[in-house]
Amino acid sequence: MNIPSQELKKTTYQNNLIELKKRSEFFASQITEAELPENYQIIETKTGDITASIEVEDKKLLLHSKYDPVKEAKRSIDIFDKEPEILIIGGIGLGYATEAAVESMPKVKILVLEKDLSFFKLALTLRDLRSIISNKNIEFIITEKGEEAIQILQDLNTKNIAIALHRPSTEIYPDTYKNISKLVNSFVNSREINIATLSRFQKLWTKNILN
């Protein structure tokens, strides 16, 4: 794959946006109004895929490996000892990690949390992400601190939750992704305590109810 032309980027973006509108007209309108990040540069990798660099405080930061972003994404997903029921991906990047998660764990519920709409728009502009946009197991959330994800987790009856953070996103917005990690870990720990308490006192509660 060569670096996409302006015409190809426009086509890719429009195709992705059409698919996104099927999921959420409101989200699609937010993306339409957003600007692309300033000072980004598209880079063709050794494998022919693309990555991008972003200039942050006079430093260029790669969003993905300049050698093999697909392999890099797979490594970031294959770190878990067991398959979670819910996977939280912090920072969309260019979508490689989300694609890797779907390939590796097709039945897992995935929450993709992104702080900056402009980065989401960049991903939609540079790569064909229709397969993950249309996937009903995936939810995309634009968030400042991550509270929206906790609201969703509260409605899902599981403590088997894993989190994978996109490292460059954590460098660009450290406060956001540190807070997301903190909230998720706190939620998991709280749910484990609740389940342990329920298990411990279940017989006593049943006996009291019968009495």
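Conventions adopted
Here, residues in each chain are numbered from 1, in the same order as that chain's written sequence. The predicted nature of this model means local features are confined to residues of pLDDT at least 70 and side-chain atom pairs, given and counted, to a pLDDT of 80 or more, with totals for whole chains, interfaces and linings taken over all residues. The basis for every side-chain value is the complete set of non-hydrogen atoms in the structure, without hydrogens or water. A pair of strands is labelled paired if DSSP reports no fewer than 2 bridges between them. For the purposes of this entry, the term helix denotes a DSSP run of H or I that reaches at least four residues, the term strand denotes a run of E that reaches at least two, and both are numbered from the N terminus. Between the N-to-C directions of two axes lies an angle of 0 to 180 degrees, each axis being a line fitted to C-alpha atoms and, for a helix, fitted only over the stretch in contact. Note on exposure labels: buried denotes an accessible area under 20% of the residue type's maximum, exposed denotes more than 50%, and partly exposed covers the range between, all computed with a 1.4 Å probe on protein chains only. Angles are sorted into four bins: roughly parallel if under 35 degrees, roughly antiparallel if over 145, roughly perpendicular if 65 to 115, and oblique for all others. Throughout, a contact is declared for two residues whenever any of their heavy atoms are within 4.5 Å. Residues are grouped as follows: Ala, Val, Leu, Ile, Met, Phe, Trp, Tyr, Cys and Pro are nonpolar; Asp, Glu, Lys and Arg are charged; all remaining types, including Gly, are polar. Note on ring pairs: Phe, Tyr and Trp rings are taken, using the six-membered ring of Trp, and paired if centres are within 6.5 Å. Classes follow the plane angle, with under 30 degrees stacked, over 60 edge-to-face and the rest tilted.

**Notes on the sheet that holds strand 4 (residues 86-90)**
Logical step 1: On the basis of which strands lie adjacent, the open sheet formed by four strands has the order 6-5-4-7 and parallel pairing. In the strand order of this sheet, the two ends are held by strand 6 (138-142) and strand 7 (161-165), each with one partner. Looking at each pair of strands side by side, their axes are set apart by 20° on average, direction ignored.
Logical step 2: In this sheet, strand 7 lies alongside strand 4 in parallel orientation, the contact comprising five bridges. Looking at strand 7, one finds that Ile 88 is bridged to Ile 163.

**Description of the sheet that holds strand 3 (residues 59-62)**
Logical step 1: In spatial order, the strands read 1-2-3; together these three strands make up an open sheet with antiparallel pairing. Two strands close off the open sheet at either side, each with one partner strand: strand 1 (40-44) and strand 3. With strand direction ignored, the average angle separating the axes of adjacent strands in the sheet is 30°.
Logical step 2: Bridge analysis of strand 2 (residues 50-56) against strand 3 gives four bridges, and the strand direction is antiparallel.

**Topic: the pairing of strand 2**
Logical step 1: For strand 2, a buried count of five out of seven residues is recorded, marking the element as mostly surrounded by other parts of the structure.
Logical step 2: Where strand 1 meets strand 2, five bridges bridge the pair, whose relative direction is antiparallel. Residue pairing across strands places Glu 44 opposite Ile 50, the latter belonging to strand 2.
Logical step 3: From the end of strand 1 to the start of strand 2, which pair antiparallel, there are five residues, and Gly 48 there has a positive phi angle of about 95°.
Logical step 4: The antiparallel pairing of strand 2 with strand 3 creates a hairpin that spans two residues between the two strands, and Glu 57 there sits at a positive phi of about 50°.

**Let's talk about the packing of helix 2 (residues 25-33) against helix 5 (residues 117-126)**
To characterise two packed helices, one gives the angle between the axes of the helices and the distance between these axes.
Logical step 1: Taken N-terminus to C-terminus, the directions of helix 2 and helix 5 make an angle of 95°; their axes are 9 Å apart at the nearest point. Considered as vectors, helix 2 and helix 5 are oriented roughly perpendicular to each other. Packed against helix 2, whose contacting residues are Phe 27, Gln 30, Ile 31 and Thr 32, the element helix 5 presents Leu 117, Phe 120, Lys 121 and Leu 124 at the interface.
Logical step 2: Here the contact of helix 2 with helix 5 is built from residues that sort into five nonpolar, two polar and one charged.

**A short note on unusual backbone geometry**
Logical step 1: The phi dihedral of Asn 39 falls on the positive side, at around 60°, and the residue is not glycine.
Logical step 2: Inspection of the secondary structure assignment puts Asn 39 in the loop between helix 2 and strand 1.
Logical step 3: Phi angles above zero are rare outside glycine, and Glu 57 is one such case at about 50°.

**A word on the packing of helix 1 (residues 6-23) against helix 2**
Logical step 1: Their axes nearest at 6 Å, the elements helix 1 and helix 2 cross at an angle of 145°. Taken together, the residues of helix 2 that come into contact with helix 1 (itself represented by Tyr 13, Leu 17, Leu 20, Lys 21 and Arg 23) are Glu 25, Phe 27, Ala 28, Ile 31 and Thr 32.
Logical step 2: Classifying every residue of the contact of helix 1 with helix 2 gives six nonpolar, one polar and three charged.

**Things to note about the packing of aromatic side chains**
Logical step 1: As enumerated under the stated definition, the model contains three aromatic pairs in all.
Logical step 2: Seen from their ring centres, Phe 27 and Phe 120 are 5.1 Å apart, and the 55° between their planes marks the pair as tilted. Highlighted residues: Phe 27 in helix 2 and Phe 120 in helix 5, separated in sequence by 93 residues. For the pair Phe 27 and Phe 120, a shared accessibility class is recorded, and that class is buried.
Logical step 3: Relative to Phe 140, the ring of Phe 120 lies with its centre 5.4 Å away and its plane at 85°, an arrangement referred to as edge-to-face.

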